[in-house]
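Summary of the model geometry
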Protein chains: 2
Amino acid sequence: MAAPVPIGAGELDRDTAVERRSPGLYEADLPTGWSAANGALHGGYLLALLGRTLGEQLPHPHPFTITAHYLTVSRPGPALIRAETVRTGRSLSTGTASLIQRDGDGNEVERVRVLASYGDLDELPDDVRTAAKPPETPPIEQCPGPEDAPDDGLVPPMPLHQRLRLRLDPATLGWAVGQPSGKGEARGWFALADGRDPDPLALLVAVDALPPTTFEMGFTGWVPTVELTAHVRALPAPGPLRVSVVTRNLAGGFLEEDAEVWDTADRLVAQARQLARVRLG
Amino acid sequence: MAAPVPIGAGELDRDTAVERRSPGLYEADLPTGWSAANGALHGGYLLALLGRTLGEQLPHPHPFTITAHYLTVSRPGPALIRAETVRTGRSLSTGTASLIQRDGDGNEVERVRVLASYGDLDELPDDVRTAAKPPETPPIEQCPGPEDAPDDGLVPPMPLHQRLRLRLDPATLGWAVGQPSGKGEARGWFALADGRDPDPLALLVAVDALPPTTFEMGFTGWVPTVELTAHVRALPAPGPLRVSVVTRNLAGGFLEEDAEVWDTADRLVAQARQLARVRLG
């Protein structure tokens, strides 16, 4: 077995690297490797990109709470990031960042706007009082991945799947065989494909990595995220993460997706909620 | 019985009024009526204030998803609001707003930063597919209010309680009689004291109006909000709202509070999550 890729030296680290041009202005070249079937870059990857930039902009290293509004579709290629420090405190600092690309006419178009507060997870006390329980997920070897999907167009191959090792709970995969359960849920295992262990950046990818819960509710269309807020609650232990996503309320063409991420030490390391749109009927 | 106060003519409407000085610049004089025992203005009121300002700034009327980061303590008195339109789309528009006050030396200090996407709830289709159920809340007349609390300092009188009609489920009031249940929950009824019916602005107050869930977990200290995100999912029907707040994970001195708001038509009209701090031990 190959030596594990250390945090900082993996594909995610390489592909979220930004170059500081001047105070608050960063440049990046967004790779195709994190795009989905339609060529759009993955929302969790974009969150990690902007989350990393804010980690360089702010005096604290870790996103405690980060909100992204997805404005227009981000594509591979050159991008600018404008970051602003809103407030610096002793234990928390707050900042905002914008991802910008140019359209065909060379005009700047904002893709994503982020607002976040950062702290240092290493400095938190160890106290945990939780009523939350890890999701009951079958062993990873009993969970199929996207590469096991039939070649029927339901799960089109996408570059993103080369970057992630997703293994999905068969109980939430009815949609893949034409039998959606009707329950708005998705569960599975998440790891980075190169074996790099999880950190807060990886958690920002994980909270948006599973298939949309609407698939099990019988909808097949794209489910674009309007807004996603992630709370990183602890540094994850090494090893694959378990992710559980639940939708309770689909109404008026919008739904929430509530994600939990658990580490191998059975600790709830991230919570996230997104508001997404779905084309009804 | 007095005629009901119409939406637009209530205390909340009066107290969230802002005056536009120039494009994107608004002035307000924040009243003492929405402050808590320590003199700090209530987080839900501040969310409604900034939410209303963004409703004037943006072409769409209703906050679909709004995130506030609470930076410093807001006090009654003069305030500036700087608002910026981030993007205007056909069905959604996105904006940001900052609440600013001056400190003792006359320097501007930012209190709250908000990022939100707005739409028009009237234009959404009626489809509802929900697995969510309203909280089991006893009839309103069986739920005590803050004015029924013993005069022992646990629930100090605060101006805010004159603006709201809160009625709390006795099952989540163990803390008030020295017997916290240990469960991180708070439930109750919420209405504006002047009888004005709820609208999206009132929902922004309601999502942060109940006592902190930490009281039932045995902590008595203040629980300042770091960040709160609210999703307004439907226009509420007239009448009092039911609010349910649950905390599952308290760790490292931080906790999430998940709030749901239900209207008299048993519709889930708002969901919110906040990240808050609590002093442990």
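Provided above is the structure to which this section pertains.
Below or above, wherever it landed, is the structure these notes cover.

In terms of helices and strands, chain A carries four helices and 14 strands. For chain A, the C-alpha radius of gyration of 18 Å lies close to 19 Å, the compact-globule estimate for 281 residues. The C-alpha extent of chain A, read off along each of the three principal axes, is 55 × 50 × 45 Å. Counting over 281 residues, chain A shows a buried share of 59%. Here chain A has roughly 11,300 Å² of accessible surface; of this, 50% comes from carbon and sulfur atoms. In chain A, 26 positive and 37 negative side-chain charges are present, and the distance between their average locations comes to 4 Å.

With that settled, the discussion passes to the environment of Val73 of chain B. Residue and element names in this part refer to chain B. Inspection of the secondary structure puts Val73 in the loop between strand E3 (62-70) and strand E4 (77-88). With 40 residues separating them along the chain, Val73 and Gly33 place their C-alpha atoms 16 Å apart. Leaving out residues up to four positions away in the same chain, Val73 has contacts with Ala40, Gln101, Arg111 and Trp222.

Moving on to the relation of the copies chain B and chain A. Of the transformation placing chain B onto chain A, the axial shift is 0.0 Å and the rotation is 180 degrees, giving an RMSD of 0.0 Å. The transformation relating the two chain copies, once decomposed into turn and shift, fits a two-fold axis. Both copies present the same face, since 100% of the interface residues in chain B are matched by interface residues at the equivalent positions in chain A.

Moving on, we come to the interface of chain B and chain A. Opposite the 55 residues of chain B that make contact, chain A presents 55 residues. For the pairing of chain B and chain A, the buried interface totals around 4,800 Å² over both sides, and the portion due to carbon and sulfur atoms is 53%. Counting every contact that joins chain B to chain A gives six salt bridges. Residue Arg248 of chain A pairs with Glu260 of chain B through a salt bridge whose shortest N-O separation is 2.1 Å.

Time to look at the pattern of salt bridges. Any two side chains of opposite charge can pair if their charged atoms end up close together. Within this structure, the stated rule accounts for 38 salt bridges over all chains. The partner of Arg113 of chain A in a salt bridge is Glu84 of chain B, with the nearest N and O atoms 3.4 Å apart. With Arg113 of chain A in strand E6 (residues 108-119) and Glu84 of chain B in strand E4, this pair bridges two chains. On the basis of relative accessible area, Arg113 of chain A is assigned to the buried category, the value being 9%. The exposure class assigned to Glu84 of chain B is partly exposed, which follows from its relative accessible area of 38%. In this structure, Arg167 of chain A engages Glu147 of chain A in a salt bridge whose closest nitrogen and oxygen atoms are separated by 3.0 Å. Of this pair, Arg167 of chain A sits in strand E8 (residues 164-168) while Glu147 of chain A sits in the loop between strand E7 (128-130) and helix H3 (160-163), and the two are 20 residues apart along the sequence. Residue Arg167 of chain A is classed as buried on the basis of its relative accessible area of 18%. Salt bridges linked by common partners bring Glu11, Arg14, Asp15 and Arg163 of chain A together as one network.

The geometry of an aromatic ring pair is captured by the separation of the ring centres together with the interplanar angle, meaning the angle of the planes. The tally for this structure, following the rule as stated, stands at six aromatic pairs over all chains. Ring geometry for Trp34 of chain A against Tyr45 of chain A: centres 5.3 Å apart, planes inclined by 10 degrees, an arrangement best described as stacked. Of the two residues, Trp34 of chain A sits in the loop between strand E2 (25-30) and helix H2 (43-57) while Tyr45 of chain A sits in helix H2, which places them eleven residues apart along the sequence. When its relative accessible area of 0% is taken as the criterion, Trp34 of chain A is described as buried. For Tyr45 of chain A, a relative accessible area of 0% corresponds to the buried category. Ring centres of Phe64 of chain A and Phe254 of chain B lie 5.2 Å apart, and the angle between their planes is 90 degrees; on these two criteria the pair is classed as edge-to-face. Highlighted residues: Phe64 of chain A in strand E3 (residues 62-70) and Phe254 of chain B in strand E13 (residues 254-262), drawn from two different chains. When sorted by exposure, Phe64 of chain A lands in the same class as Phe254 of chain B, which is buried.

Calculation criteria
- Residues numbered from 1 in each chain as written.
- Chains lettered and ligands numbered in written order.
- Predicted model: local features only at pLDDT ≥ 70, side-chain atom pairs only at ≥ 80, totals over all residues.
- Heavy atoms only, no water.
- Helix = DSSP H or I, 4+ residues; strand = E, 2+ residues; numbered from the N terminus.
- Rg over C-alpha atoms; globule rule 2.2 N^0.38 Å.
- Buried < 20%, exposed > 50% of the residue type's maximum accessible area, 1.4 Å probe, protein only.
- Areas by Shrake-Rupley, 256 points an atom, 1.4 Å probe, with all protein chains shown as cover.
- Lys, Arg positive; Asp, Glu negative; His and termini not counted.
- Charge placed at Lys NZ, Arg CZ, Asp CG, Glu CD.
- Contact = heavy atoms within 4.5 Å.
- Least-squares fit on C-alpha atoms with pLDDT ≥ 70 in both.
- Buried area = accessible area lost by both parts, 1.4 Å probe.
- Salt bridge = Lys/Arg side-chain N within 4 Å of Asp/Glu carboxyl O.
- Phe/Tyr/Trp six-rings, centres within 6.5 Å; stacked < 30°, edge-to-face > 60°.

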